[in-house]
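Inside the fold
Chain residues, written in single-letter form:
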Amino acid sequence: MKLSTYIFLLLLITLQNLSAQFTTDTVLAIQNINIQGHYLPTINSGNIKLLNTASNISSNLGTTSDIISQFPSVNTDIEGSVFFRGSSKSAQLIRGIPYGFLEEQSGDILIQLPASFFSQITVLSQPDLSFLPDGESGVFSYTSIPEYKTSSSLNLTLGGGSNQRYTAGIKATVTPGKWSVTTNYNYRREYRERSFYKLTTNSSGSTEMDNNASAHPEVHIGDITVGYLLSDKDYLTVYTLLQHMQYDRYGGINNTRRNSAGDITNKIIRHRYNNQGQDAYAAEATWLHTFWNKGKLSIRFNYNNFSYDENNHYENEQFTTGKIIAQDNLNVNQDKNNYFFSTNVYYPFQNGYTFNIGYMGRIQNEDYKAKADNLTNGDWMPNLSKSTDFNFVRYINLGYASLQKTIAPFTIEIGMQAEHTKEEINSPDLNGKMNKNKVQIYPKANFEYQVAENGIFSLGYQQRTNRPIASDLNPFIDRADITYIKQGNPNLAPEVIHLAEASYAFTNNYFSITPAIYYRHKSNRIMDIANQVNDEIRWTKQNTGNSNTWGIEISTNWKPINRLSMSASSDIYRDQIDGRTIGYDEKKEMTCLLAKALLSFQLTPNTQLQTDGYYISDQLTAQGEIQNRYSVNIGITQYLLKKKLKASLSVNNIFDSMEETTRIQTSSFQQIQIRNRDSRVTWLTLSYNL
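Everything numeric in this text was worked out from a predicted model, so none of it was measured.

**Some points on the overall build of the chain**
- Regarding its fold elements, the chain presents four helices and 43 strands.
- Over its C-alpha atoms the chain spans a radius of gyration of 26 Å, differing by no more than 12% from the 26 Å that the globule rule assigns to 690 residues.
- Its C-alpha atoms give the chain principal-axis dimensions of about 75 × 55 × 50 Å.
- When the 690 residues of the chain are sorted by exposure, 53% land in the buried category.
- Summarising the internal contacts of the chain: among those between residues at least 6 apart in sequence, 65% fall at separations of at least 24.
- Of the roughly 29,500 Å² of accessible surface on the chain, a fraction of 56% belongs to carbon and sulfur atoms.
- One way to put it: in the chain the 62 positive side-chain charges average out to a point 5 Å from where the 63 negative ones average out.

**A short note on the side chain of Lys49**
- Among the structural elements, Lys49 can be located in strand β4 (residues 48–52).
- You can call Lys49 buried: its relative accessible area is 1%.
- In this structure the side chain of Lys49 is engaged in a polar contact, spanning 3.1 Å, whose partner is the side chain of Glu553.

**Describing the nonpolar core**
- With 40 residues, the main nonpolar core has Ile68, Ile94, Phe101, Phe140 and Tyr142 as its most contacted residues.
- If you tally residues by element for this core, the top one is strand β17 (residues 234–259), at four residues.
- Setting aside anything within four residues of it in sequence, one finds Ile94 in contact with Tyr99, Phe101, Leu102, Phe118, Tyr142 and Tyr239.
- Judged by nonpolar contacts, the second largest core, of 15 residues, contains Val332, Phe390, Phe392 and Leu492.

**Looking at a nonpolar patch on the surface**
- A cluster of nonpolar residues, Leu230, Leu236, Val238, Trp287, Ile299, Phe301, Tyr339, Phe341, Ile363 and Tyr395, forms a patch on the protein surface that exposes about 780 Å² of accessible area.
- Secondary-structure elements contributing two or more residues to the nonpolar patch are β17, β19 (296–318) and β20 (324–348).
- Along the chain, Tyr395 turns up in strand β23 (residues 388–407).

**Remarks on the pairing of strand β43 (residues 681–689)**
- Along β43, the buried face is formed by Val681, Trp683, Thr685, Ser687 and Asn689; none of Thr682, Leu684, Leu686 and Tyr688, which line the opposite face, is buried.
- Sheet topology places strand β40 (residues 645–652) next to β43; eight bridges connect them, and they run antiparallel. Across the sheet, the residue bridging to Lys646 is Ser687, located in β43.

**Side note on the pattern of salt bridges**
- Scanning all chains against the criterion turns up 35 salt bridges.
- Between Glu423 and Arg394 there is a salt bridge, and its shortest N-O distance comes to 2.8 Å. Within this pair, whereas Glu423 is found in strand β24 (residues 410–427), its partner Arg394 is found in strand β23, the two being separated by 29 residues in sequence. By the burial criterion, Glu423 is buried, and Arg394 matches it.
- A single salt-bridge network, built from bridges that share partners, covers Lys89, Glu136, Glu495, Arg520 and Lys522.

**Re the packing of aromatic side chains**
- On inspection of all chains with the given rule, the structure shows 18 aromatic pairs.
- For the ring pair Phe84 and Phe140, a centre distance of 6.0 Å and an interplane angle of 85° mean the geometry is edge-to-face. Remark: Phe140 occurs in strand β10 (residues 139–143) and Phe84 occurs in strand β6 (residues 82–84); sequence separation between them is 56 residues. Per residue, the accessibility class of Phe84 equals that of Phe140, and both read buried.
- Judged by centre distance (5.0 Å) and plane angle (45°), the rings of Tyr303 and Tyr339 are tilted. With Tyr303 in strand β19 and Tyr339 in strand β20, the pair connects residues that are 36 residues apart, well separated along the chain.
- With relative accessibility at 17%, the residue Tyr303 sits in the buried group.

**Section: the confidence of the model for the chain**
- When pLDDT is averaged along the chain, the result is 87; 91% of the residues meet or exceed 70.
- Scored below 50 in pLDDT, residues 1–41 shows 108 contacts in the model against residues more than four places distant or in partner chains.
- Contacts from residues 147–152, a stretch scored under 50 in pLDDT, to residues over four places away or in other chains number 20 contacts.

**Digging into the sheet that holds strand β31 (residues 526–533)**
- If you trace the four strands from one edge of the open sheet to the other, you get β27-β28-β32-β31, paired in mixed fashion. The strands lining the two open edges of the sheet, one partner per strand, are β27 (477–478) and β31.
- Note: β27 against strand β28 (residues 485–487), two bridges, orientation antiparallel. Bridging across to β28, Ile477 finds its partner in Gln487.

**A closer look at the pairing of strand β15 (residues 205–215)**
- Note: strand β14 (residues 192–202) against β15, 11 bridges, orientation antiparallel. Of the residues in β15, the one forming a bridge with Thr201 is Ser206.
- Counting the residues between successive antiparallel strands, the hairpin from β14 to β15 contains two residues.
- The pairing of β15 with β17 spans 11 bridges and is antiparallel. Its bridge partner being in β17, Ala215 is matched across the sheet by Arg249.

**Let's talk about the environment of Lys294**
- Along the chain, the position of Lys294 falls in the loop between β18 (264–290) and β19.
- Placed 322 residues apart in sequence, Lys294 and Ile616 show a C-alpha to C-alpha distance of 45 Å.
- Other than its neighbours up to four places away in sequence, Lys294 contacts Tyr346 and Pro348.

**Re unusual backbone geometry**
- The omega torsion of the bond from Ala408 to Pro409 falls at 10°, within 30 degrees of zero and hence cis.
- By the element assignment, Pro409 lies in the loop between β23 and β24.
- Positive phi is not limited to glycine here, since Asn377 has a value of about 55°.
- If you check the backbone angles, Leu641 has positive phi at about 55° while not being a glycine.
- Counting through the fold element by element, Leu641 comes out in the loop between β39 (629–640) and β40.

Definitions and cut-offs
- Residues numbered from 1 in each chain as written.
- Predicted model: local features only at pLDDT ≥ 70, side-chain atom pairs only at ≥ 80, totals over all residues.
- Heavy atoms only, no water.
- Helix = DSSP H or I, 4+ residues; strand = E, 2+ residues; numbered from the N terminus.
- Rg over C-alpha atoms; globule rule 2.2 N^0.38 Å.
- Buried < 20%, exposed > 50% of the residue type's maximum accessible area, 1.4 Å probe, protein only.
- Contact = heavy atoms within 4.5 Å.
- Areas by Shrake-Rupley, 256 points an atom, 1.4 Å probe, with all protein chains shown as cover.
- Lys, Arg positive; Asp, Glu negative; His and termini not counted.
- Charge placed at Lys NZ, Arg CZ, Asp CG, Glu CD.
- Polar contact = N/O pair within 3.5 Å; in protein donor to acceptor, adjacent residues only side chain to side chain.
- Core = buried A, V, L, I, M, F, W, Y, C linked by side-chain atoms within 4.5 Å.
- Patch = residues over 30% accessible without salt bridge, like charges linked within 9 Å, V, L, I, M, F, W, Y side chains within 5 Å.
- Salt bridge = Lys/Arg side-chain N within 4 Å of Asp/Glu carboxyl O.
- Pairing = 2+ DSSP bridges.
- Phe/Tyr/Trp six-rings, centres within 6.5 Å; stacked < 30°, edge-to-face > 60°.
- pLDDT = per-residue confidence, 0-100.

If you want it as structure tokens, here you go:
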């Protein structure tokens, strides 16, 4: 379906009216998990964290990456990658289902998607068995359907930001008879300015790379949810999503080579003219049947596709003469097809037992093609050393069952997932096809104790996994980004994670506190390892042995007076990497800290001011560390016309303090890498409810 046709359908549906009820309480219903909480920016209930994006003034005008950073123990790096409790390998899901565009491209997607598109974001550190076991520290699930409703039938948003940023959105829900239709569409024009500096030193001298690039990505994303009440016990839902992103950019990479005495031996400016396009679409159907005893049967099917096209033209300029001495092209195409099916029976018995059984199946079929050409004597000639045609297929068949027993105030649950995985890798770099088969068991146990009316203690254990994604397994040497030359490893084994957590959640109308202790043991840890190959630094995926992470997380919300709300969180964890498999003599360890705070002031009945900030200490890598950084944001909202019109102003990264410095120290080379992005991003938006 053409993008213009899809947008027209969204607009057509939103012309109808809706009567809805407003409530200050929120209810999360995700798979078989339900929690309730007051209308706070973040609701934290032990191993479940819920964020209402509309309530966060200082970040909800930004990107999805910005709003995710409001969660306790969550931070995002300069390229949008998500870290939770020190791990960058949480599963990113849409409505509880894995999507292809939230895998290796997830950072690039999240840093461009409007935060306002998703009404709620949920983080589960001890996910239910009805989720796939992927993601070592848990899962993030995004939904665009609001869990609380306003009294309006239609919401329109229009805004502008610094450096020619623009956004527009429309949301509506109609409920004629037995039907329920929810539509959501957002357009966003971003500005991405990046600076990159890298200095690599070895015994023969040094190589310096200095790069600046800017672009204006344009993103369209929309979805429609149609529900129909077949009977008082049967409900059918159909969901569809469409996303498109496109941008052009230029980057000039200054390469300077010096010998061991510090003399310049070569200096080249490598001009990069880059065009990127991303498209994603999905179709989903769900049938939910309710039994007489409030048990449930659900059947769900989802298909989603993601395609990525990148075209690069390079020109090498001799610095001393200004002449172009070489030209080459590199075109990349990636296509990902995902099929997901699940069925689940949730059945409560009268004696306090609850039985949960289900099946999940997933098929991933991915193609990666790269075509390179060099300009030789006026003719474009194929460069086979930079060209490839890679295919990856994975089949997952997983069954699960759990039994829960409640004897107030105690609840105990035990369960298990059992899966068979088959993988096929086909690449010219392998001279044939590689097949893998694996059977794996994932146990889970959970204990809860209700402490009076306002407190609950939880203790949980489960086994999880991080599977290598297709790009991790591709043996092709990818030189699309000369600042990050990478190569996959088809022999990678999946990571196996043992995850344990103990938490206590206390909440009342004015105050909540949730301390938690967690521990992760990971075997076959997959990491990016830098090696010097001839004159280039090449990053390869390797299993680096075992690692351990243990930490303490504390988050609080407090409303001391009617006009003031405060929240704060801290995550202190000890990260350990066993690097002996890649040549180190001992394990590496570091204690890390992530601290956050948010203040919200109700200046008048119609004016709210909010500011938030975070600090993250040095972080451990396999071969070095990432240095500390911080950021501060501020936003203000003014309601007008009996709160039908809302004007919001926000400024992100006020002090331009998100510069990211990474240091690498090995026996053969040393490297410092500095990245930064556009600072002090300002947004002004108007939102009108009809």
